[in-house]
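Structural description and commentary
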Amino acid sequence: MKIACATLLLAAITGTQAFTAPQPLNARASTSLSVKQSDLDGAQSLIDGILQEKNCGPVFVRLAWHDSGTHDASITEAWPKAGGAIASIRFDPEINHGANAGLAGAVKLLEPVKEAFPDVSYADIYQMASARGIALAGGPKIDMKYGRVDASSPEQCSPEGNLPDAEAGDEGKFGGVGGTASTEDTAAEWHLRKVFYRMGLGDEEIVALSGAHTFGRAYADRSGLGAEKTKFTNGTPTKLSDGSETDKYTPGGSPWVEDWLVFDNSYFTTITDASTSDELLKLTTDKILFKDAGFKPFAEKFGESKDVFFESYAKSHKALSELGSKFEAIE
């Protein structure tokens, strides 16, 4: 069984259950050509409220990344053939791809935002929810661009197989020959490169985006990774970015760091620390960041300075969020 990569598979922390996403109403199939800044501001306010009530930032990051992470920069056919941040993930079959297990619940959580502001595209809503989740968790403010146009039908979904694996499959290989291009490799570092280079991203972006593992958990029934629960995710209070604590989360899963609702650079200091709890995840695609000659300088630099990490992360996240997008002007 292939295990979907934690790099793009931050697990949900809400209690919503997976479901087959309903087909959006035709009236809301694509963004209006006249989306207004006031609508974007209103959508952000609603999203912030959902984040503060549900502590669901990690699953929104995962949703946005799995939408944009399908992009293939080598495809030159007309939009939206190359995939990317086009909200095709809301359609079946894409929402039911193995790597997207559990994400239908995140789509459902954001549906009220679309209902309240129908001129804001789903693609903008998903990417906005991701950026706001990170900002409200203490992470960097990302210079987001809005006005994305949505995919309008299931026929515009990306093929399954474009997202990365965290661990090798039964045959000792990461990735596969599916998707728009083969990502198969016996070496974790080259599998990651095949995935992210296909998107048009490089080694720094691979390492910076991996740092988002500081935020969220992995679940065995979604990614094939993680315990049923750990001492950090068993329902006891966990720290928030303002120093307070909350027990408003659904217990379960395994985090990469102890304070998994705080966005900082602790991922980079935890992976190489042998004294940390064995209940924290340290996957092959995590550890390779500190071994591969191309990745290691960035991983070490990010561990030494949160500011340096945040600067690189914000740029990398912005780039990922715009992959494959077609933008219309905002009024």
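Quantities reported herein were computed from a predicted structural model and do not represent experimental measurements.

Regarding unusual backbone geometry
Pro-80 follows Trp-79 through a cis peptide bond whose omega is 5°. Mapping Pro-80 onto the fold places it in the loop between α2 (57-68) and α3 (104-116). Backbone geometry at Asn-55 places phi at a positive 50°, although glycine is not the residue there. The exposure class assigned to Asn-55 is buried, which follows from its relative accessible area of 12%. The backbone phi angle of Ala-87 is positive, close to 65°, even though this residue is not glycine.

Re the nonpolar core
Phe-60, Leu-110, Tyr-126, Phe-263, Leu-289 and Tyr-313 are the most contacted members of the largest nonpolar core, which has 79 residues in total. Ranked by the residues each element gives to this core, the list is headed by helix α4 (residues 122-136), at 8 residues.

With respect to the confidence of the model for the chain
Summarising the model, the chain shows a mean pLDDT of 91, and 90% of its residues fall at 70 or more. In the model, residues 1-32 has pLDDT below 50 throughout and makes 119 contacts with residues more than four positions away in sequence or in other chains.

Some points on α2
Taking 1.5 Å per residue, 12 residues should reach 16 Å; α2 reaches 17 Å between its end C-alpha atoms and fits that length. For α2, the tally of buried residues reaches 12 of 12 residues, placing the bulk of the element in the interior. Residues of α2 that are buried: Gly-57, Pro-58, Val-59, Phe-60, Val-61, Arg-62, Leu-63, Ala-64, Trp-65, His-66, Asp-67 and Ser-68. For α2, the secondary structure elements touched by its buried residues are α1 (37-54), α3, α4, α6 (203-210), α7 (220-223) and α11 (306-321).

Section: the packing of α6 against α11
Where α6 meets α11, the axes come as close as 9 Å, and the angle between the chain directions of the two elements is 105°. Looking at the two axes, α6 sits roughly perpendicular to α11. Contacts between α6 and α11 pair Glu-204, Glu-205, Ala-208 and Leu-209 from the former with Phe-309, Ser-312, Tyr-313, Ser-316, His-317 and Leu-320 from the latter. Residues that form the contact of α6 with α11 fall into these classes: 5 nonpolar, 3 polar and 2 charged.

Parameters at a glance
- Residues numbered from 1 in each chain as written.
- Predicted model: local features only at pLDDT ≥ 70, side-chain atom pairs only at ≥ 80, totals over all residues.
- Heavy atoms only, no water.
- Helix = DSSP H or I, 4+ residues; strand = E, 2+ residues; numbered from the N terminus.
- Buried < 20%, exposed > 50% of the residue type's maximum accessible area, 1.4 Å probe, protein only.
- Core = buried A, V, L, I, M, F, W, Y, C linked by side-chain atoms within 4.5 Å.
- pLDDT = per-residue confidence, 0-100.
- Contact = heavy atoms within 4.5 Å.
- Expected span 1.5 Å × (residues − 1).
- Axes fitted to C-alpha atoms, helices over the stretch in contact; angles between N-to-C directions.
- Parallel < 35°, antiparallel > 145°, perpendicular 65-115°, else oblique.
- Nonpolar A, V, L, I, M, F, W, Y, C, P; charged D, E, K, R; others polar.

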